[in-house]
Amino acid sequence: MKRLSLSFLFATLSFVLFAQTLQSPDQFLGYPLGAKYSRHHRVVEYFKSVAAAKPEMVKVEKYGETNEGRELMVSIIASPDNLKRIESIRLNNLQMAGLAKAGSGLADAPAIVWLSYNVHGNETSSSEAAMKTLFALVDPSNTATKEWLKNTVVIMDPCINPDGRDRYVNWFNSMVGTTPNADPQSREHIEPWPGGRSNHYNFDLNRDWAWQTQVESQQRIKKYNEWMPHVHVDYHEQGYNEPYYFAPAAEPFHEVITPWQRDFQVLIGRNNASYFDKNGWLYFTKERFDLLYPSYGDTYPVYKGAIGMTFEQGGIRSGLAILNKNGDTLTLLDRLNHHYTTGISTIETSSKNQQRLVKEFKQFFEDSKTAKSSEYKTYVLTSKDENKLLSLKKLLSDNGIESGTISNKGFKGFNYFTGKEESFVDEGLHLAVSAYQTNSVLARVLLEPRTKLADSNTYDITAWALPYAYGVKAYAVKEKLDVNTDAVSATAIVAANSNYGLLIPYTSLNSAKLMAELLKKGVKLRYATAPFQYKGKEYGRGTMIVLKTSNAAVNWNAIANDACQKFHVQADAVETGFMDKGMDFGSPDIRVINAAPKVALISGEQSSSLGAGEIWHFFDKQLEYPLTLVNANDLARFNLKNYQVLIIPDGFYRNLTDKPTTDKLKDFVRNGGKLIALESAAEQLSGADWGFKLKENKSEDKGEYAALKKFADQERNALTGSIPGAIYKVDLDNTHPLAFGFPDFYYTLKQDANIFEFMKNGWNVGVLKKESYVTGFSGVKVKAKLKDGLLFGTMGMGAGSVVLLADNPMFRQFWENGKLLFCNAVFLAGQ
Ligand SMILES: [Zn+2]
């Protein structure tokens with residue numbers, strides 16, 4: 001007993017002693033940095049051990065957990081004097097931005113630099129570099145960093161995407177031998193599907209900053225907004241044959257980006273370059289990585305007043321060592337040293353420019369609050385549907401953007417839907433956003449009706465205006481309207497009690513979620529395929545009718561009322577099947593959904609991990625409806641009879657059009673199944689005689705010298721056929737169930753030049769007519785092609801149907817209105 005307690009005491013003591021000794025990453029990990037990949041929990045433990053050893057300089061804060069339960073954390077590193085007053089520094093900074101009322105009024109506010117690592121899980125060198133950077137900041141023998149920390153606070157997020165990182169690291173560790181193989185063909189360089197880039201649901205977290213559809217982003221941005229740093233670096237890797245990329249960024253820059261934000265990028269770049277030059281390391285700047293799309297780890301901070309930058313080391317797929325095209329062997333150690341160097345150099349540049357950084361940060365928000373340089377002073381969104389406005393309000397609020405109501409409605413503005421200056425027409429409910437507010441710049445970028453492009457060669461989509469994404473009528477107004485931001489509570493939902501049935505409107509995604517919930521709980525549903533009137537009230541197509549009839553076995557009234565509360569939809573009680581106008585409930589035009597359809601999604605190798613992931617996440621996290629993911633490789637083997645709906649997402653499928661697969665899929669449809677094909681899956685099916693065809697490109701230049709093109713113009717020429725993501729207006733046949741809940745139009749985010757010929761034996765539900773381009777970059781050849789064709793359609797075949805969705809309504813899950821279209825495809829179309 002005595003022995004035991006002694007040894008216990010010894011163990012405790014040695015732990016305390018151990019915890020108080022500052023260790024380098026090599027000492028802590030037990031191997032030299034770069035010798036192998038460190039799993040995520042070891043990176044976190046290293047940060048905690050440094051915080052325990054240097055509590056006067058380092059704090060760690062957990063800010064959340066990933067889908068797979070891994071810890072998300074930041075570390076705050078400051079001089080002992082600054083760490084003592086760190087809360088005053090934080091509040092003072094928020095006050096400068098206009099985000100906190102009472103700050104401490106610090107005269108010597110330090111610069112705040114935030115370094116984010118490993119957002120893409122298989123760009124793995126950066127979390128290793130994070131450990132080295134942390135040590136350099138606290139290492140007593142490093143006097144330079146101590147000098148910089150006198151006026152600079154550093155915040156490090158060692159890994160934004162732990163699930164992705166560990167997916168890669170665990171896989172790589174299981175593939176590599178004692179000696180890494182630098183041969184690019186070796187299996188350790190060929191990562192299997194879905195790769196470690198994305199998070200658990202295969203979302204790209206570097207496209208999710210503004211939309212915050214993923215738990216990692218939601219939790220991180222909360223933390224980010226508590227700090228509002230002055231400089232933000234997002235660490236990445238590019239292909240291993242590339243050298244290093246750092247700021248200044250490439251054109252296009254969004255026009256809201258200030259001269260100072262541009263200039264400081266150059267200062268950072270020059271200082272980084274001086275270190276790289278000393279070592280003979282290559283790099284490039286001003287190319288490829290632009291500053292436009294607002295949901296990146298560089299642009300988002302820029303639109304929030306920081307200098308936001310992406311740094312890219314060559315390294316994807318390189319494992320521990322790889323032979324690149326220059327005949328050099330690139331190692332993990334090289335990669336992490338380069339990232340370490342730019343991190344240290346960025347902190348140095350920030351420290352040397354601390355006063356200017358703080359001053360310009362403050363100025364950015366002063367200009368924001370006075371709506372300086374903003375053409376539009378107020379944005380007013382209006383809808384009959386409260387839920388659409390509420391979900392928009394939530395997105396704005398998650399981004400720190402205030403919204404509210406106006407009382408003056410006698411104004412003119414740019415009408416997003418007509419593209420003209422018009423008098424405001426109130427749809428019944430509205431939401432107003434003033435440009436006179438702290439986060440005015442981000443508000444403007446997210447809401448502006450037309451993206452201005454200085455240069456059209458960009459890395460991502462070029463249009464994202466929220467009114468189009470949410471399908472909400474909006475006006476951009478040049479005059480300042482008084483916006484009252486006092487909280488208005490949402491309309492309360494009143495229970496509807498009836499012994500006969502309930503009528504539930506079908507007007508937004510909330511209605512579709514409600515429908516899924518009822519089906520999941522075993523309620524049999526009816527829905528109207530034509531409008532009708534009851535007690536003087538008009539009910540539109542898609543209205544859900546829950547009747548006691550057919551539902552005797554379940555507590556239908558309570559289930560439906562609970563679901564109405566949960567999804568904020570007001571139901572009406574109905575006491576008879578005899579309607580004032582239109583069909584009665586016994587009419588054949590009232591459709592019945594007898595049972596919850598069983599849905600399968602093609603996933604795995606061959607499918608696009610992003611495309612499949614969006615649908616998986618939607619079912620799992622938003623719809624909360626069961627979904628079976630099946631591997632595309634098993635398509636020939638698995639039994640389709642178990643499902644009513646089969647979804648094929650975007651992908652590069654090997655066998656989708658061969659005879660056995662085509663026969664199997666057609667059998668499935670003829671026997672009553674529904675096949676939903678999205679994007680390239682729809683394109684591939686069109687090659688196998690399903691009854692729909694892609695439109696051919698007929699606008700090719702056939703002049704005598706058409707083949708003669710100037711070498712230097714190749715990039716420009718390629719742009720004429722490019723459409724990185726632009727908004728088009730789709731004409732909808734909203735009498736068809738695929739378009740229930742919509743007006744007779746829908747705005748689509750067009751990302752390719754694909755368009756189908758009108759179906760002769762199907763329903764052309766969503767089509768592009770002649771003038772349907774709205775905003776964003778669309779090359780001249782693409783513009784010429786994208787008209788008079790089909791984007792969304794259905795076709796009956798035997799007892800079943802095929803639904804074709806040429807564009808992805810689920811894209812990054814921020815195109816809120818598309819989710820309703822998708823639910824219609826799954827639950828209503830072809831029913
Ligand atoms: Zn990346």
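About the thresholds
- Residues numbered from 1 in each chain as written.
- Predicted model: local features only at pLDDT ≥ 70, side-chain atom pairs only at ≥ 80, totals over all residues.
- Heavy atoms only, no water.
- Phe/Tyr/Trp six-rings, centres within 6.5 Å; stacked < 30°, edge-to-face > 60°.
- Helix = DSSP H or I, 4+ residues; strand = E, 2+ residues; numbered from the N terminus.
- Buried < 20%, exposed > 50% of the residue type's maximum accessible area, 1.4 Å probe, protein only.
- Lys NZ or Arg CZ within 6 Å of the ring centre and 35° of its normal.
- Donors = N, O, S within 2.8 Å, 3.2 Å for Na, K, Ca; no water.
- Tetrahedral: all angles 85-135°; square planar, octahedral: opposite > 155°, others 65-115°.
- Contact = heavy atoms within 4.5 Å.
- Pairing = 2+ DSSP bridges.
- Axes fitted to C-alpha atoms, helices over the stretch in contact; angles between N-to-C directions.
- Domains from an automatic or database assignment.
- Buried area = accessible area lost by both parts, 1.4 Å probe.
- Salt bridge = Lys/Arg side-chain N within 4 Å of Asp/Glu carboxyl O.
- Polar contact = N/O pair within 3.5 Å; in protein donor to acceptor, adjacent residues only side chain to side chain.
- Nonpolar A, V, L, I, M, F, W, Y, C, P; charged D, E, K, R; others polar.
- Core = buried A, V, L, I, M, F, W, Y, C linked by side-chain atoms within 4.5 Å.
- Parallel < 35°, antiparallel > 145°, perpendicular 65-115°, else oblique.

Draft legend 1. Examining the packing of aromatic side chains more closely. Under the definition given, this model contains 54 aromatic pairs. When the ring of W209 is compared with that of Y224, the centres are 5.9 Å apart and the planes differ by 90°; the resulting orientation is edge-to-face. Of this pair, W209 sits in the loop between α8 (162–175) and α9 (215–227) while Y224 sits in helix α9; the two residues are 15 residues apart in sequence, bridging distant segments of the chain. Look at F364 and F365: their rings are 5.0 Å apart centre to centre, the planes differ by 75°, and that puts the pair in the edge-to-face class. As far as the burial class goes, F364 and F365 line up, both buried. Taken together, Y117, Y235, Y244, F246, F276, W281, Y283 and F311 form an aromatic cluster joined through their ring pairs. Across from the ring centre of Y436, 4.3 Å away, lies the NZ or CZ of K480, which sits over that ring. A cation over an aromatic ring shows up here: K729 above the ring of F745, its NZ or CZ 4.7 Å from the ring centre.

Draft legend 2. View of the coordination of the zinc ion. Around the zinc ion, the donor atoms from the protein are H120 (ND1), E123 (OE), E123 (OE) and H236 (ND1), and they sit 2.0 to 2.5 Å away. Geometry at the zinc ion is irregular, judged from its four donor atoms and the angles of 57 to 159° they form at the metal. Judged by its relative accessible area of 2%, H236 is buried.

Draft legend 3. The arrangement of the environment of L267 in detail. The residue L267 is located in helix α10 (residues 259–279) in this model. The sequence separation of L267 and N353 amounts to 86 residues, and the corresponding C-alpha distance is 9.4 Å. Leave out the neighbours within four places in its chain, and L267 touches T349 and N353.

Draft legend 4. Quick peek at the sheet that holds strand β3 (residues 111–116). Taken together, the eight strands give an open sheet; going across it, the order is β1-β2-β4-β3-β5-β10-β6-β8, and neighbouring strands pair in mixed fashion. The open sheet has two free edges, formed respectively by β1 (58–65) and β8 (283–284), since each of these has just one partner strand. Running at roughly 165° to strand β10 (residues 307–316), helix α12 (residues 332–352) makes contact with β3, β4 (152–157), β5 (231–239), β6 (244–245) and β10 of the sheet.

Draft legend 5. Spatial organisation of the domain arrangement of the chain. According to the domain assignment, the chain consists of domain 1 (21–367), domain 2 (370–477), domain 3 (501–593) and domain 4 (599–698 + 709–828). Domain 1 puts 30 residues into the contact, and the matching count from domain 2 is 28 residues. Taken together, the two surfaces of domain 1 and domain 2 that pack against each other cover about 2,500 Å², and 59% of this comes from carbon and sulfur. Put simply, domain 1 and domain 2 have three salt bridges between them. Where domain 1 touches domain 2, the interface holds 14 residue pairs in polar contact (both at pLDDT 80 or more). Elements with a minimum of two residues in the side of domain 1 that touches domain 2: α9, β7 (250–253), α11 (299–303) and α13 (354–369). At four residues, α13 tops the list of elements feeding residues into the side of domain 1 that touches domain 2. Split by residue class, the side of domain 1 that touches domain 2 holds 18 nonpolar, four polar and eight charged.

Draft legend 6. Inspection of the nonpolar core at higher detail. Core analysis: the largest hydrophobic core is formed by 184 residues, its most contacted members being L518, F619, I647, W690, F822 and F827. Among the nonpolar cores identified, the runner-up in size contains 56 residues, and F28, V44, Y117 and M131 belong to it.

Draft legend 7. The arrangement of the packing of helix α3 (residues 40–53) against helix α6 (residues 125–138) in detail. One way to put it is that α3 packs onto α6 with a least axis distance of 10 Å and a crossing angle of 5°. When the axis of α3 is compared with that of α6, the two are roughly parallel. Residues V43, Y46, F47 and V50 of α3 lie in contact with α6, whose contacting residues are S127, A130, M131, L134, F135 and V138. Grouping the constituent residues of the contact of α3 with α6 by class yields nine nonpolar, one polar and no charged.

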